[in-house]
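# Secondary and tertiary structure notes
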Amino acid sequence: PRQPDTNDLYSFEDQITRNIKLKLNYQYPPETRDLILGVIMPRELGDESALADQLYLSEQDLRPLVAQGFEIGSHGHAHEVMARMDSEGQKYQVNQSIQILTGVLGHKPKTFAYPFGLPATYDDESRSAVAQAGMTASVNSALGSMLSSGPPADLMDLARFDVLEVFGGDGQ
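Residues numbered from 1 in each chain as written. Predicted model: local features only at pLDDT ≥ 70, side-chain atom pairs only at ≥ 80, totals over all residues. Heavy atoms only, no water.

## Section: the overall build of the chain
Test applied: Helix and strand labels come from DSSP, where a helix needs a run of H or I of at least four residues and a strand needs a run of E of at least two; each type is numbered from the N terminus. Classification of residues uses two cut-offs on accessible area relative to the type maximum, computed with a 1.4 Å probe and protein chains only: under 20% is buried, over 50% is exposed, and between them is partly exposed. Two residues form a contact once any of their heavy atoms are found within 4.5 Å. In these tables, accessible area is a Shrake-Rupley quantity obtained with a 1.4 Å probe, and a residue counts as shielded only by the protein chains included in the view.
What the chain contains, in helices and strands, is 8 helices and 3 strands. Listed by position from the N terminus, the elements making up the chain come as α-α-α-α-α-β-α-β-α-β-α. Across the 172 residues of the chain, 28% fall into the buried class. Of all intrachain contacts in the chain linking residues separated by at least 6 positions in sequence, the fraction that spans at least 24 positions is 56%. Put simply, the chain shows about 10,900 Å² of open surface, and 56% of that area lies on carbon and sulfur atoms.

## Examining the pattern of salt bridges
Formally: Just to be clear on terms, a salt bridge is a Lys or Arg side-chain nitrogen sitting within 4 Å of an Asp or Glu carboxyl oxygen.
Under the criterion given, the structure shown has 8 salt bridges. Taking the shortest distance from any N to any O, the salt bridge between Lys 91 and Glu 88 comes out at 3.7 Å. Taken together, the residues span about one helical turn, with Lys 91 and Glu 88 both in helix α5 (residues 87-105) at a distance of 3 residues. What makes Lys 91 partly exposed here is its relative accessible area of 25%. Between Arg 127 and Asp 124 there is a salt bridge; the shortest N-O distance is 2.3 Å. Taken as a pair, Arg 127 and Asp 124 lie in helix α6 (residues 124-132) at a separation of 3 residues, close to a single helical turn. Arg 127 gets classed as buried once you look at its relative accessible area, which sits at 19%.

## A word on the packing of aromatic side chains
One pair of aromatic rings is described through two measures. These are the centre distance and the angle between the planes. Basically, it comes down to this: Note on ring pairs: Phe, Tyr and Trp rings are taken, using the six-membered ring of Trp, and paired if centres are within 6.5 Å. Classes follow the plane angle, with under 30 degrees stacked, over 60 edge-to-face and the rest tilted.
If you walk through the whole model with that rule in mind, you get 3 aromatic pairs. Aromatic side chains Phe 112 and Tyr 114 sit 5.6 Å apart centroid to centroid with 70 degrees between the ring planes, which places their arrangement in the edge-to-face category. Taking relative accessible area as the criterion, Tyr 114 reaches 3% and is therefore assigned buried. Following the ring pairs from residue to residue traces out a cluster consisting of Phe 112, Tyr 114 and Tyr 122.

## Remarks on the confidence of the model for the chain
Heads up, the condition is: Values of pLDDT, the confidence the predictor places in each residue, fall between 0 and 100.
Per-residue confidence for the chain gives a mean pLDDT of 85, with 84% of residues at or over 70. Within the chain, α5 carries the highest mean pLDDT (96), whereas helix α7 (residues 146-149) carries the lowest (61).

## Overview of the side chain of Ser 74
Position of Ser 74 among the secondary structure elements: in the loop between α4 (59-67) and α5. Residues contacting Ser 74, with those up to four places away along its chain left out, are Val 94, Ser 97, Ile 98, Leu 101, Pro 109, Thr 111, Phe 112 and Ala 113.

## Side note on the pairing of strand β2 (residues 137-143)
Successive residues of a regular strand alternate their side chains across the two faces of the sheet. To keep it simple, the criterion reads: Pairing between two strands requires that DSSP report at least two bridges joining them. By the criterion used throughout, a crossover qualifies as right-handed when its path from the first strand across the helix to the second strand runs clockwise, the strands pointing away from the viewer.
Pairing geometry for strand β1 (residues 111-113) and β2, over 3 bridges, is parallel. If you follow Thr 111 over to β2, its bridge partner there is Ala 137. Each parallel crossover has a hand, and for β1 linked through α6 to β2 it is right-handed.

## Section: the sheet that holds β2
Counted only if it meets this: Axis geometry follows a simple rule: fit a line to the C-alpha atoms, using only the stretch in contact for helices, then measure angles between N-to-C directions, giving values from 0 to 180 degrees.
The strand order across the open sheet built from 3 strands is β1-β2-β3, with neighbouring strands paired in parallel fashion. Edge strands, defined here as strands with exactly one partner in the open sheet, are β1 and β3 (158-160). Averaged over all pairs of adjacent strands, the angle between their axes in this sheet comes to 45 degrees, without regard to strand direction. Inspection of the sheet shows β2 paired to β3 by 2 bridges, in the parallel sense. Looking across to β3, one finds that Val 139 is bridged to Leu 158.

## Here we look at unusual backbone geometry
Despite not being glycine, His 79 has its phi angle at roughly 50 degrees, a positive value. By secondary structure assignment, the location of His 79 is in the loop between α4 and α5. Classification of His 79 as partly exposed rests on a relative accessible area of 34%. Phi at Phe 116 takes a positive value of approximately 70 degrees, unusual for a residue other than glycine.

Set out below in structure tokens:
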């Protein structure tokens, strides 16, 4: 696995936060990161389960969205930088998340969003893992629309719009 170029990551963060995130996600091995977070997170943010309940959609939240026609896609099992993993690790992250979502949704998701989504955070092995898992398309974090650029060259590497970039950080 290669070390991603991190120049464009976390550009919206203050310098201290950016440095911490870069070290945790790109410089330290996952075991070291998990050890550090295992000490800091409970002390600073409290119970991880309670925090997750506040930040993320639950199974009960997802079901009505699916019933209304929303596509719920996969985003990886542990939100890891895929390019830092070997081929088997990438396949595991993709397939595990699909398996869990299939159980929750009652059908297999069709789409995948690369964690972090910047060019150096996923690679050809990532695209291959997603395609082999049966996804019909996947998105990166490059801003863009197929409406203005014509048919995509690679359905496993589509640009997209982020909710915060479209509606603003305040959700408006």
